[in-house]
Amino acid sequence: MERKLTKMFDYQKFEKNADLERLIDSVHSRYGIRELSMDDMEMVSAAGVPDLPLKESKEDRK
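Quick summary incoming for the structure in this document. (Residues numbered from 1 in each chain as written. Predicted model: local features only at pLDDT ≥ 70, side-chain atom pairs only at ≥ 80, totals over all residues. Heavy atoms only, no water.)

1. Notes on the overall build of the chain
Definition in use: Runs of E in the DSSP output that reach at least two residues are strands. Runs of H or I that reach at least four are helices, and both are numbered from the N terminus. Residue burial is assigned from relative accessible area. The probe radius is 1.4 Å, only protein chains are included, and a residue is buried under 20% of its type maximum, exposed over 50%, and partly exposed in between.
Of the regular secondary structure elements, the chain holds four helices and zero strands. Across the 62 residues of the chain, 5% fall into the buried class.

What follows is the structure, given as structure tokens:
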């Protein structure tokens, strides 16, 4: 899916399709690019959160 979106965005750079341009503009307006604050960065972990307990299976609960 990501590859298809990338191809559509690349296609649009050259073709200038009006319908596709509206769709792209709509997506950009919903997911605007912004800089993360220091507080937001504390919540980001590229490797996951190792402190969270693993989900217990039904057997572990017995």
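Here the narrative resumes, following the displayed structure.
2. With respect to a nonpolar patch on the surface
What counts is decided by this rule: The residues that make up patches have over 30% relative accessible area and no salt bridge, and they are joined within 9 Å when like-charged or within 5 Å when they are Val, Leu, Ile, Met, Phe, Trp or Tyr. Throughout, the Shrake-Rupley method with a 1.4 Å probe supplies accessible areas, and for residues the shown protein chains are the sole cover considered. By salt bridge we mean one thing: a side-chain nitrogen of Lys or Arg within 4 Å of a carboxyl oxygen of Asp or Glu.
Residues M1, L5, M8, F9 and L23 make up a contiguous nonpolar surface patch of roughly 490 Å² in combined accessible area. Per-element tally for the nonpolar patch: the top contributor is helix α1 (residues 2–15), with three residues. Of note, F9 is situated in helix α1.

3. Quick word on the pattern of salt bridges
Overall, the coordinates contain two salt bridges when judged by the stated rule. Note that R22 is salt-bridged to D19, the shortest N-O span being 2.2 Å. Of this pair, R22 and D19 both sit in helix α2 (residues 18–30), separated by three residues, roughly a single helical turn. We classify D19 as exposed; its relative accessible area is 53%.

4. Concerning the side chain of Q12
Just so we agree on the cut-off: Definition of a polar contact: a pair of N or O atoms within 3.5 Å, with one able to donate and the other able to accept a hydrogen when the atoms are protein atoms, and with sequence-neighbouring residues admitted only if both atoms are side-chain atoms. In what follows, residue pairs with any heavy atoms lying within 4.5 Å of each other are defined as contacts.
On the secondary structure map, Q12 appears in helix α1. Within the local environment of Q12, its side chain forms a polar contact with the side chain of E21, the two groups lying 2.8 Å apart. In contact with Q12, not counting residues within four places along its chain, are N17, L20, E21 and I24.

5. Remarks on unusual backbone geometry
We note that K16 has phi near 55 degrees; this positive angle belongs to a residue other than glycine. Within the fold, K16 resides in the loop between α1 and α2. Residue K16 is classed as exposed on the basis of its relative accessible area, which comes to 59%.

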